[in-house]
Amino acid sequence: MPIPAIRLTDANEAPIRGEGEYVLYWMIAHRRLSWNFALDHAIDEAKRLGKPLLIFEPLRVRYEWASDRLHRFIIEGMRDHAAALRDHPVGYYPYVEPHAGAAASSGGLLATLARRACLVISDEYPCFFLPRLIDAVRDRVPVRLRLVDSSTVMPLRLADRTFTVAHSYRRWMQKQILDVLPDFPRPRPLAGGRLPPFPGVEAKILRRWPAADLDRLLSPGGLDSIPIDHAVGPCPETVGGDGEAVRRLRGFLKTGLAAYGDDRNHPDRRATSGLSPYLHFGHLSPHQIVSELLDREGWTPDRAAPANGKNHGFWNTSETAEAFLDQLLTWRELGFNLSHRQPDDYDRYESLPDWALKTLDQHRRDPRPTIYDLDQFERAETHDEIWNAAQRELVSTGAMHNYLRMLWGKLILHWSATPEEALRVMVELNNKYALDGRDPNSYSGIFWTLGRYDRPWGPTRPVFGNVRYMTSDSTRRKLKLKGYLAKFAGPGTPEKSAAERKLFD
Ligand SMILES: Cc1cc2nc3c(=O)[nH]c(=O)nc-3n(C[C@H](O)[C@H](O)[C@H](O)COP(=O)(O)OP(=O)(O)OC[C@H]3O[C@@H](n4cnc5c(N)ncnc54)[C@H](O)[C@@H]3O)c2cc1C
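This report concerns the structure included in the present document. (Residues numbered from 1 in each chain as written. Predicted model: local features only at pLDDT ≥ 70, side-chain atom pairs only at ≥ 80, totals over all residues. Heavy atoms only, no water.)

1. Description of the overall build of the protein
If you tally the helices and strands in the protein, you get 20 helices and six strands. For the protein, the C-alpha radius of gyration of 23 Å lies close to 23 Å, the compact-globule estimate for 505 residues. Residues counted as buried form 58% of the 505 residues belonging to the protein. Considering only residue pairs separated by 6 or more positions, the protein has 79% of its internal contacts joining residues 24 or more positions apart. Taken as two groups, the 69 positive and 65 negative side-chain charges of the protein have centres that lie 1 Å from each other. (Helix = DSSP H or I, 4+ residues; strand = E, 2+ residues; numbered from the N terminus. Rg over C-alpha atoms; globule rule 2.2 N^0.38 Å. Buried < 20%, exposed > 50% of the residue type's maximum accessible area, 1.4 Å probe, protein only. Contact = heavy atoms within 4.5 Å. Lys, Arg positive; Asp, Glu negative; His and termini not counted. Charge placed at Lys NZ, Arg CZ, Asp CG, Glu CD.)

2. Topic: the nonpolar core
Of all hydrophobic cores here, the largest spans 166 residues; its most connected members are Trp26, Leu53, Ile55, Tyr93 and Leu113. In terms of residue count, helix α11 (residues 319-341) provides more of this core than any other element does, nine residues in total. In this structure, leucine 53 is in contact with Val23, Tyr25, Leu39, Ala42, Ile43, Ala46, Val90, Gly91, Leu195 and Phe198, ignoring residues within four places of it in sequence. (Core = buried A, V, L, I, M, F, W, Y, C linked by side-chain atoms within 4.5 Å.)

3. Concerning the site of the ligand
Surveying the vicinity of the ligand reveals 22 residues, the closest of which are Tyr260, Ser273, Gly274, Asn402 and Ser442. Separating an oxygen atom of the ligand from a side-chain N or O atom of asparagine 402 is a distance of 2.6 Å. Relative to its unbound accessible area of 820 Å², the ligand is 93% covered by the protein chains. Per element, the largest residue contribution to the shell around the ligand is five residues, and it comes from α11. For the shell around the ligand, a count of residues per class yields eight nonpolar, 11 polar and three charged. Residue-level mapping places the shell around the ligand at the junction of two domains, with at least three residues from each of domain 2 (242-341) and domain 3 (349-493). (Near = heavy atom within 4 Å. Polar contact = N/O pair within 3.5 Å; in protein donor to acceptor, adjacent residues only side chain to side chain. Areas by Shrake-Rupley, 256 points an atom, 1.4 Å probe, with all protein chains shown as cover. Nonpolar A, V, L, I, M, F, W, Y, C, P; charged D, E, K, R; others polar. Domains from an automatic or database assignment.)

4. Some remarks on the sheet that holds strand β5 (residues 117-124)
Read from one edge of the open sheet, six strands run β1-β6-β5-β2-β3-β4, paired in mixed fashion. The open sheet has two free edges, formed respectively by β1 (8-10) and β4 (91-96), since each of these has just one partner strand. Adjacent strand axes in the sheet meet at a mean angle of 25 degrees when their direction is disregarded. Taken together, the six bridges between β5 and strand β6 (residues 144-149) define a ladder with parallel strand orientation. Directly across from glutamate 124, in β6, lies its bridge partner aspartate 149. (Pairing = 2+ DSSP bridges. Axes fitted to C-alpha atoms, helices over the stretch in contact; angles between N-to-C directions.)

5. Comments concerning the pattern of salt bridges
Within the structure shown, the criterion is met by 28 salt bridges. Note that arginine 31 is salt-bridged to glutamate 57, the shortest N-O span being 2.9 Å. Note that arginine 31 is positioned in the loop between β2 (22-26) and α1 (37-49) and glutamate 57 in strand β3 (residues 53-59), a separation of 26 residues in sequence. Residue arginine 31 shares its accessibility class with glutamate 57, and that shared class is buried. With its nearest N and O atoms 2.9 Å apart, the salt bridge here joins arginine 424 to glutamate 421. Of this pair, arginine 424 and glutamate 421 are both found in helix α16 (residues 419-433), three residues apart, which corresponds to roughly one turn of the helix. The class of arginine 424 is partly exposed, set by a relative accessible area of 44%. (Salt bridge = Lys/Arg side-chain N within 4 Å of Asp/Glu carboxyl O.)

6. A few points about helix α17 (residues 440-448)
Most of α17 sits inside the fold, with seven of its nine residues counted as buried. Close packing links the buried residues of α17 with α11, α15 (402-414) and α16. Backbone nitrogen of asparagine 441 and a side-chain oxygen of the N-cap are separated by 2.8 Å at the start of α17; the cap is aspartate 439.

7. Re the packing of aromatic side chains
The final tally for this structure, using the stated rule, is 26 aromatic pairs. Here the aromatic rings of tyrosine 169 and tryptophan 172 are separated by 5.3 Å at their centres, their planes lie at 50 degrees, and the arrangement is tilted. Taken together, the residues span about one helical turn, with tyrosine 169 and tryptophan 172 both in helix α5 (residues 166-180) at a distance of three residues. Arranged with centres 5.1 Å apart and planes meeting at 80 degrees, the rings of phenylalanine 314 and tryptophan 315 form a pair that is edge-to-face. Phenylalanine 314 sits in the buried class, given a relative accessible area of 3%. (Phe/Tyr/Trp six-rings, centres within 6.5 Å; stacked < 30°, edge-to-face > 60°.)

Encoded structure:
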């Protein structure tokens, strides 16, 4: 079955050249070899044209917050792809820029590969620098450049409006999703129907832009010569790649999901899936998660209830599965809806709802209980044990528990000189340290702490006005976090982690 037309967008009007040597899949966001509409479409086009397929997966140097942490995670994914495509008729060309601008030199690696291609297929990702990258290259690619939307279960273009609250998005999604479910990407696209073998990248191109030596890059010190932030080190407990993503998904479905509904808010229980970095880098598809989860639940479409916008009862699965699906299909995709529809301002303070802008403005001169600057926040040097623990978790593990992430953001608002400064601090720390940062959900989560997707709350409070308020005291009362604090802030761990020592000592 061809992939749904609503997921395809031509980024230029250059021709598809039937006399080209191959179809080029320029893999920049959906970095995976299964459950990927872009790969499916590339395979379909290669078959239709009777040409080989080359998958080109580059990693640039010059993007904001580039660090050993992010590079390593992506390169671990490349290692999986290289292993899966060794001795396969589909060609694979991983490229890691050794210095800034290397890929763009000599007319550019992408343009050079594209000159021999029939067409270039790439990933549509509505966030971070990727839309700007597409804008920069669309007229330099001499053949058709086609983008494929594979980030979300609901196609990005299906919604004709920007949703401002989760309830209305959920109701819309529930009305449409049974029509979308049959159109899922292929679980094993590389298994079927043979393509003509790719003969190899031309030696001249490889001399100019050598394929990445992935084992060397992943060996100790392998990233040292690349000009990225080496102080933000890798997270050894969170290995990147499609293989690890699927292992974690299956482990979570088998042993974690049952407790998700009750325990996910308690940091000590570690009940969430930890899948967000894999979703962010495209190592895992939300389609695969939904498909495997619904299979496990023995779900069939006739079990769905009429759409009502509620966060439980629609799927008619176990409560815990419904709770998880709501995070994945409502909260995650709501963020993509906004960044896709408002590319110019989804990350700007002014994009907050009017009521939030107004109330924050009315309280901008309120005295703060204390004011910290970015450095103090970054070093976890606040007076608050829970806040410091959450920040230290982020710096040392690349992740932060979701409930504490909300508190973390609310307290940054409370302790910053202005709400705009609070936004700057949150974006900087989240995107620098979180493996899942630089994502539409980075902005939806951060902006949520300032009022996005929320309503005004009373009573009116200093600094917050009518923006929802959270405190460490109530968090301590509500959550199980003794073990968490012992690990990240408590007397049992007076030592800074290796990651923190590298950064701050
Ligand atoms: C201040 C702040 C910053 C945030 N920054 C990010 C970010 O950079 N990247 C990111 O992916 N999420 C972000 N979130 C949302 C949320 O915290 C994470 O998605 C979640 O903690 C990821 O952990 P998990 O994979 O174990 O989630 P699980 O609870 O296992 O949920 C499964 C999946 O559902 C999605 N999801 C879960 N909770 C949310 C949520 N509240 N909003 C949107 N999607 C959700 C994620 O894709 C997640 O992987 C942020 C939230 C806040 C309050």
